[in-house]
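Coordinates in review
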Amino acid sequence: MSSVLDIDEPDIFQATKPESRSVWRAIRRGFMLKCPACGEGKLFRAFLKVADTCPHCGEELFHHEADDAPPYFTILIVGHVVVPLMLAVELEYLPPIWVHVAIWPTLTLGLSLFLLPRIKGAVVGLQWAARMHGFGGETED
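All of the points below concern the structure found in this document. Since this is a predicted model, take the numbers as computed values, not measurements.

1. Comments concerning the packing of helix 1 (residues 23–31) against helix 3 (residues 97–129)
Close contact between helix 1 and helix 3 brings their axes to 6 Å; oriented N to C, the two are set at 150 degrees. Compared by their axis directions, helix 1 and helix 3 come out roughly antiparallel. For helix 1 against helix 3, the interelement crossing comes out right-handed. Counting all contacts with helix 1, which are made through V23, A26, I27, G30 and F31, the residues of helix 3 involved are L115, R118, I119, G121, A122, G125, L126, W128 and A129. When its residues are assigned to classes, the contact of helix 1 with helix 3 shows ten nonpolar, three polar and one charged.

2. Some words on helix 1
For helix 1, the full list of buried residues reads A26, I27 and G30. One face of helix 1 carries all of its buried residues, which in axial projection span an arc of 100 degrees. Away from its buried face by more than 90 degrees, helix 1 exposes W24 and R28. Against helix 3 lie the buried residues of helix 1. Measuring from the backbone nitrogen of R25 back to the side-chain oxygen at the start of helix 1 gives 3.3 Å, which picks out S22 as the cap.

Conventions and cut-offs
Residues numbered from 1 in each chain as written. Predicted model: local features only at pLDDT ≥ 70, side-chain atom pairs only at ≥ 80, totals over all residues. Heavy atoms only, no water. Axes fitted to C-alpha atoms, helices over the stretch in contact; angles between N-to-C directions. Helix = DSSP H or I, 4+ residues; strand = E, 2+ residues; numbered from the N terminus. Parallel < 35°, antiparallel > 145°, perpendicular 65-115°, else oblique. Left-handed = near helix turned anticlockwise from the far one by under 90°. Contact = heavy atoms within 4.5 Å. Nonpolar A, V, L, I, M, F, W, Y, C, P; charged D, E, K, R; others polar. Buried < 20%, exposed > 50% of the residue type's maximum accessible area, 1.4 Å probe, protein only. Arc of directions from axis to C-beta. Polar contact = N/O pair within 3.5 Å; in protein donor to acceptor, adjacent residues only side chain to side chain.

Below is the structure:
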């Protein structure tokens, strides 16, 4: 005896799974300032301005909402690098104050300017891989 529940669903009712996206590959590509989808096109059109679309593959990138995460992670990383170095130099060599004034602000600024676009690219890559904020093709309400 067959019941109504035993009938197979037609293919049109079965949800199709979207292709999987490698999170680590997308983060790495974003960190390298490349498109998280293809790894070829430039992610930014200016220093911190994400391109609307990838010039190589055409992937839409304007969906990103990196907001405050990149500056937060940049401050976290730079602080954890600079402060221990500053303390180690002070305790080991006792340099005059002008040495501190010359080294640490320069190092802090240089590291921040180097890391900020890379961390923003990594955050955009993570959002793309996780299909967040419209990167999955669906529209947000």
